[in-house]
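Reading the structure
Chain residues, written in single-letter form:
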Amino acid sequence: MTTLATKRTGRKADKAEPAVSSKIRLATAWLGGCSGCHMSFLDLDEKLIDLAEVVDLVYSPIADVKEFPDHVDVTLVEGAVANVDHLELAEQIRQRSKLVVSFGDCAVTGNVTSLRNKFPLEDLLTKVYHEGPGAVPRGGEYDKIVPALIPRVLPLHQVIEVDAFIPGCPPDPERIWAAVSALLAGEPVVLPEKMRMFG
Amino acid sequence: MAVITMTINDELVSGVEGQSLLSLIREQGIELPTLCHLEGLEARGGCRLCLVEMQSTQRLLPACTTTAQEGMSIQTHSERLVRYRRMILELLFAERNHVCAVCVMNGRCELQDEAAKIGMDHVRYDYLVPELPMDATHDKFAIDHNRCILCTRCVSVCDSVEGAHTWDVMGRGVNSRVITDLNQPWGSSRSCTSCGKCVQVCPTGALANKGSTVAEMVKRHDFLQWILDGREKKQWVMHNGGSEGRR
Amino acid sequence: MKRSDLQAMARRELDRQQATRCRLLCCASTPCLSSGAATVQQALEQAVTDNKLDAEVVVVSTGCMGPCSRGPMVTVQLAGQEDTYYENVTPESARQIVAEHVMANQPVADKIMPSDLPFFAKQHKIVLANSGVIDPERLEDYVARDGYAALAHALREMTPEEVCAEISKSGLRGRGGAGYPTGLKWDLVRKAPGEKKYVIANGDEGDPGAYMDRTLMESDPHRLLEGMAIAGYAVGAEQGFLYVRGEYPIAAKRLEKAIRTAERRGLLGSRVLESSFSFRIDIRIGAGAFVCGEETALMASIMGRRGQPTPRPPYPAQSGLWECPTLINNVETFGNIVPIIAHGADWFASVGTAKSKGSKIFALAGKVNTTGLIEVPMGITLREVIDDIGGGVADGFSFKAAQTGGPSGGCIPAEHLDTPMDYESLRALGAIMGSGGLIVMDNASCMPDVAKFFMEFCTDESCGKCVPCRVGTVQMHRILERITNGSAAPADLQILQDLCTMVQETSLCGLGQSAPNPVLSTLRFYREEYEAHIQRHECPAGVCKMTEAPTLELVEALPRRIRELGTIPMSLA
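What counts and what doesn't
Residues numbered from 1 in each chain as written. Chains lettered and ligands numbered in written order. Predicted model: local features only at pLDDT ≥ 70, side-chain atom pairs only at ≥ 80, totals over all residues. Helix = DSSP H or I, 4+ residues; strand = E, 2+ residues; numbered from the N terminus. Buried ≥ 20, exposed ≤ 12 C-beta atoms within 10 Å, placed from the backbone. Rg over C-alpha atoms; globule rule 2.2 N^0.38 Å. Contact = placed C-beta atoms within 7 Å. Nonpolar A, V, L, I, M, F, W, Y, C, P; charged D, E, K, R; others polar. pLDDT = per-residue confidence, 0-100. Core = buried A, V, L, I, M, F, W, Y, C linked by C-beta atoms within 7 Å. Pairing = 2+ DSSP bridges. Axes fitted to C-alpha atoms, helices over the stretch in contact; angles between N-to-C directions. Parallel < 35°, antiparallel > 145°, perpendicular 65-115°, else oblique. Domains from an automatic or database assignment.

Here we look at the overall build of chain A
What chain A contains, in helices and strands, is seven helices and seven strands. Put simply, chain A runs from its N terminus to its C terminus through helices and strands in the order α-β-α-α-β-β-β-α-β-α-α-β-β-α. Taken over 199 residues, chain A has a buried fraction of 43%.

Points about the overall build of chain C
Secondary structure assignment for chain C yields 25 helices and 14 strands. Expected size for 573 residues packed as a compact globule is a radius of gyration near 25 Å; at 26 Å, chain C falls within 12% of this value. By principal-axis analysis of the C-alpha atoms, chain C measures approximately 90 × 65 × 40 Å. Buried residues in chain C amount to 56% of all 573 residues. By sequence separation, contacts in chain C at least 24 residues apart represent 72% of the contacts at least 6 residues apart.

Quick notes on the interface of chain B and chain A
Each partner contributes residues to the interface: chain B has 19 residues there, and chain A has 19 residues. Looking at the side of chain B that touches chain A residue by residue, the classes come out as ten nonpolar, six polar and three charged.

Some points on the confidence of the model for chain A
Close reading of the predicted structure is inappropriate where its pLDDT is low. In the predicted model, chain A carries a mean pLDDT of 86, and the fraction of residues at 70 or more is 83%. Mean pLDDT values for the elements of chain A range from 54 in helix 1 (residues 4-10) of chain A up to 98 in helix 5 (residues 105-109) of chain A.

Side note on unusual backbone geometry
Leave glycine aside and you will find that most residues have negative phi; peptide bonds, for their part, are mostly trans. Residues and elements named next belong to chain C. At the junction of Gly-71 and Pro-72, the peptide bond is cis and its omega measures out at 0 degrees in the coordinates. With respect to the helices, strands and loops of the structure, Pro-72 is situated in the loop between strand 2 (57-62) and strand 3 (74-78). In the Ramachandran plot, Arg-271 falls in the positive-phi region, its phi being about 50 degrees despite a non-glycine side chain. Examined against the element boundaries, Arg-271 turns out to sit in the loop between helix 12 (249-264) and strand 8 (280-285). With 11 C-beta atoms counted inside 10 Å, the residue Arg-271 sits in the exposed group.

Examining the interface of chain C and chain B
Between chain C and chain B, the contact holds 23 residues from the first and 25 residues from the second. Considering every element that reaches the side of chain C that touches chain B, the biggest residue donor is helix 20 (residues 467-485) of chain C, with eight residues. Of the residues contributing to the side of chain C that touches chain B, the split by class is eleven nonpolar, six polar and six charged.

Let's talk about the nonpolar core
Of all hydrophobic cores here, the largest spans 248 residues; its most connected members are Cys-154 of chain B together with Cys-26, Leu-44, Val-74, Ile-230, Ala-231 and Leu-327 of chain C. Ignoring sequence-local partners within four residues, the contact set of Ile-230 of chain C consists of Ala-150, Leu-151, Ala-154, Val-163, Ile-337 and Ile-341 of chain C. Ranked by size, the runner-up nonpolar core spans 45 residues in total, among them Ala-27, Val-81, Val-101 and Val-108 of chain A.

With respect to the sheet that holds strand 3 of chain C
All names here are of chain C. Spatially, five strands are ordered 2-1-3-4-5 in an open sheet, and the strand pairing comes out mixed. If you trace the sheet from one side to the other, it starts and ends with strand 2 and strand 5 (112-113), each paired once. Pairing between strand 1 (residues 22-27) and strand 2: six bridges, direction parallel. Note that in strand 2 the partner of Cys-26 across the bridge is Ser-61. Of the strands in this sheet, strand 1, strand 2, strand 3 and strand 4 (84-86) touch helix 4 (residues 91-104), which is tilted by about 20 degrees from strand 3.

Brief notes about the sheet that holds strand 4 (residues 60-62) of chain B
Residues and elements named next belong to chain B. Strand order in this open sheet of five strands is 2-1-5-3-4, and the pairing throughout is mixed. Edge positions in the sheet fall to strand 2 (11-16) and strand 4, since each of these pairs with one other strand and no more. The sheet shows a mean angle of 40 degrees between the axes of neighbouring strands, direction not considered. Where strand 3 (residues 51-54) lies against strand 5 (residues 73-75), two bridges are found, and the strand directions are antiparallel. Pairing of Met-54 across the sheet is with Ile-74, part of strand 5.

Brief notes about helix 9 (residues 182-191) of chain C
All names here are of chain C. When you tally the buried positions in helix 9, you get seven out of ten residues, the bulk of the element. Among the residues of helix 9, those classed as buried are Thr-182, Gly-183, Lys-185, Trp-186, Asp-187, Val-189 and Arg-190. Those residues of helix 9 that are buried lie in contact with helix 8 (160-170), helix 11 (221-235), strand 9 (326-330) and helix 14 (331-335).

Here's the deal with the environment of Ser-60 of chain A
Residue and element names in this part refer to chain A. For Ser-60, the location among the structural elements is in the loop between strand 2 (55-59) and strand 3 (72-78). On a C-alpha basis, the gap between Ser-60 and Val-189 in space is 21 Å, while along the polypeptide they are 129 residues apart. Beyond its immediate sequence surroundings of up to four residues, Ser-60 is in contact with Ala-27 and Thr-28.

Considerations on the pairing of strand 7 (residues 141-144) of chain B
Residue and element names in this part refer to chain B. Covered by surrounding structure in strand 7 are Phe-141 and Ile-143 together with Ala-142 and Asp-144, the residues of both alternating faces. Sheet topology places strand 6 (residues 134-135) next to strand 7; two bridges connect them, and they run antiparallel. When the sheet's bridge partners are listed, Asp-135 is paired in strand 7 with Ile-143. Connecting the antiparallel pair strand 6 and strand 7 is a turn made up of five residues.

Looking at the packing of helix 21 (residues 490-506) of chain C against helix 24 (residues 527-535) of chain C
All names here are of chain C. One can describe the packing of helix 21 onto helix 24 by two numbers: an axis separation of 8 Å at closest approach and a directional angle of 140 degrees. In terms of orientation, helix 21 lies oblique with respect to helix 24. Across the interface between the two elements, Pro-490, Asp-492 and Leu-493 of helix 21 pack against Tyr-530, Ile-534 and Gln-535 of helix 24. Looking at the contact of helix 21 with helix 24, its residues break down into four nonpolar, one polar and one charged.

Notes on the confidence of the model for chain C
All names here are of chain C. Mean pLDDT for chain C: 93, with 96% of residues reaching 70 or above. This stretch, residues 569-573, has a pLDDT under 50; its non-local contacts, to residues over four places away or in other chains, come to twelve contacts. Across the interface, the model reports ipTM at 0.94; the global pTM reads 0.92.

A short note on the environment of Arg-95 of chain C
Residue and element names in this part refer to chain C. By the element assignment, Arg-95 lies in helix 4. Using a count of 17 C-beta atoms within 10 Å as the deciding quantity, one classes Arg-95 as partly exposed. Measuring from C-alpha to C-alpha, the distance between Arg-95 and Leu-44 comes to 6.2 Å, with 51 residues separating the pair along the chain. Excluding anything up to four places from it in sequence, Arg-95 contacts Ala-43 and Ala-47.

Re the domain arrangement of chain C
Residue and element names in this part refer to chain C. For chain C, the domain assignment lists domain 1 (3-121), domain 2 (159-348) and domain 3 (359-445). Every contact between the two is made by eight residues of domain 1 and, on the other side, eight residues of domain 3. Grouping the constituent residues of the side of domain 1 that touches domain 3 by class yields five nonpolar, two polar and one charged.

Some words on the packing of helix 9 of chain C against helix 11 of chain C
Residues and elements named next belong to chain C. With their axes 8 Å apart at the nearest point, helix 9 and helix 11 run at an angle of 50 degrees to one another. Relative to helix 11, helix 9 is oriented oblique. For the pair formed by helix 9 and helix 11, the contact residues are Trp-186, Val-189 and Arg-190 on the first element and Ala-231, Ala-234 and Val-235 on the second.

Regarding helix 7 (residues 149-157) of chain C
The set of residues buried in helix 7 of chain C consists of Ala-150, Leu-151, Ala-152 and Ala-154 of chain C. Buried-residue contacts for helix 7 of chain C involve helix 1 (3-19), helix 8, helix 11 and helix 15 (337-343) of chain C.

Observations concerning the environment of His-38 of chain A
All names here are of chain A. Inspection of the secondary structure assignment puts His-38 in helix 2 (residues 36-42). Overall, His-38 belongs to the buried group, with 22 C-beta atoms counted inside 10 Å. Sequence spacing of His-38 and Pro-173 is 135 residues, and the spatial spacing of their C-alpha atoms is 10.0 Å. Among all residues touching His-38, those that are not within four sequence positions of it are Thr-28, Trp-30, Pro-61, Ile-62 and Glu-78.

Have a look at this one:
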């Protein structure tokens, strides 16, 4: 079972660790999902204050950081891998984080984001854009503005190695808290039965 | 009836001759998952979740179709069995398009439940993403093949309890599909009595009442025992020209 | 018909045969027919008529002679001479054979297949003794070679117990693959309580490249019927079913004809050979499902249900067709019954090894010089079969593996070529005897690719009833596909192996339980080939195209490539 403790000693970082803070460096990322998992994260409410005591939120859609930083301890990843930007970010996350957590059903299973997998990409884009109203960018091709979609949406663990899974659509705050507190305590994420249901 | 004695998880237990292993195991309060078997329907041995380990030969046998025998010794939750059950659940989730978040049975689905119970938190296999239809031609019910796990409880209940045999299976392997009549739209079926038994026994959101949306569908299995009991006790037989039914 | 009538018929036929100076045997089995045997036979008949030889020469259409890759085959039997085998006969060479060999006693040298070739010399024909010698469509031909004498003997001189005991004593084991002792099975059915019992011959042969049962059914149908009738007498059944694969129309036609003839002559039907024993045989034609070769699925199919297996126990011997005790044996097993009853258990047991008695038919296929149908004594080494009988691997290539048992079997590498072919030795190598498929592969074969082929077969043929087989085979096939196209990740090998053991141990019937065997056996002996595919993205045999890359590598490369190309490679996912 992967925990922060084993990962901290087990893997050597490329560059020297920044010595400034003893706080745990937490990141959250948003790939192909509805942001519901992040909303649920915010529903931790007053626990967010407790959390802020022990972590530095170094990257997140709710923090204005452009580049995924180095030396992250834990990254929660919401959403499935759906386009080339996600591929790139997923790869960076894996290289720069000690623990990567699939956060919510889309990251774990593909979920709603992957519903499009039943249709060939071409047909999908034609239906949504080309046959739709107005002048729209041609989809599918890389146009240097909108990231190109990959042919099939993938759950995160089919793209990079994932250390823990938090299912749920979205995972409710209790689940998130149970998982995050285990991670921060250096324990493996073992959610009780009621907290590991999909959907 | 003769009594038999056997060992389950190193505990001596006694049961009745001819009793299935599954019922004896459950009598001991041991939970054993079954996605194809349902009490009251004929045991089938298809989902392989209720496999137990014979201590003597190390062989795995489905508890639902195996008869308990004197002197037998079995394990129900060995490391190997739990590992295999998890793999079977993963295979099922990967086979069709089970998107729990947008399912009528979300929160009450047997497949979803079993995954949570065993701690199957992700699927290691490729999602096969087959293209499967829905049939909503029936007035009251609909079938979504994307969520069907081919347990064939619907086939069984329709044949052995309702006596209509509207449901059957076509194709084979991963291309198998449950069908109504000879693969005709359900709504046009002349054998279907619209009794809804198939919907009630379905473990997932494949069969549902029309009009129910995400997480709204509630299914009841208890009707099955109620009918079977009534049938055994001849509670619906007409006497003196009138009905002495249970109602 | 009584026993004496039978003997009279045999005498008349033998007299008739001896009165002809020359018999021209022309193979009319599926392989020879597909290479033009029908026109060869017409040419022979025309040449005989044209040369006014009708009184002294007969043309006989027979069953299989063995060297199928050299067909059409013709045998010339001239009175007072040894048989001469002709290979690759064409209508022209057929006319030549009549003109030169039959009329002028000058054999056509360039078409002769020498009878002292190891192909013939190393074989031991027990089951196929009549194959290629008699006309399968003439009862008289069969009777002339002591046909139905074993049945007559059993009915008159033996009790059912004695028949079962004789079969047990012979050491005969099931030829369908599993090798269960036949006598024991017969005795179980005989002793099983129940008024009605059934006998089934399983002719639903489905392994790719295997055609032992087809050949037997096409070449010597009466032997099969006689074996089944003896079984019926031994276990107390009055009804037999012959389940014939749907793709075997010639076999079905000949069996149908044989049943009608035997019934008309009182050799089947009510009061067989004027005894108190009655036995009827009906044919059931399969509809193209491999799984119906599994006994419980086969019985479901006979009963008109969907061809799906049911868990055992109960075994068919306790509760089979319509819940009655049922004896089910492979066609080849039934082919062994007549010689055992006719020549005795001791004679039979003198052939073979300590635990595997008698002979076994193999369909020798693949990269050997002579392929065909062979019958060899149990215990013969694989090397003898490949090098002597098969004439070795073609020049310029080297032997790599022998695959036995089809999609349920495994591959045997060169270092085990001296393994004796018997049930236990083959199983110890992770292969199986199987029903008799034997495919030889040379160094141009890629083993992960071979495993993929068999796995694809299993995904197509899985009935869909149990989850491990239905979905597990598809997932294993996907991984094998990734391995052979270059997109497998190192972790895939472990996932594949775990799936193999799980599917093996948890599947409902033999199809699923044995589906992982080709993978496991190639992993055991050719693991470095898998590793080369996965780690170095190369196929040592040069078979796999390796056109894809692993998803993880794509993750790094893809965004860059997309920017370069301006489009998405559709191969991802």
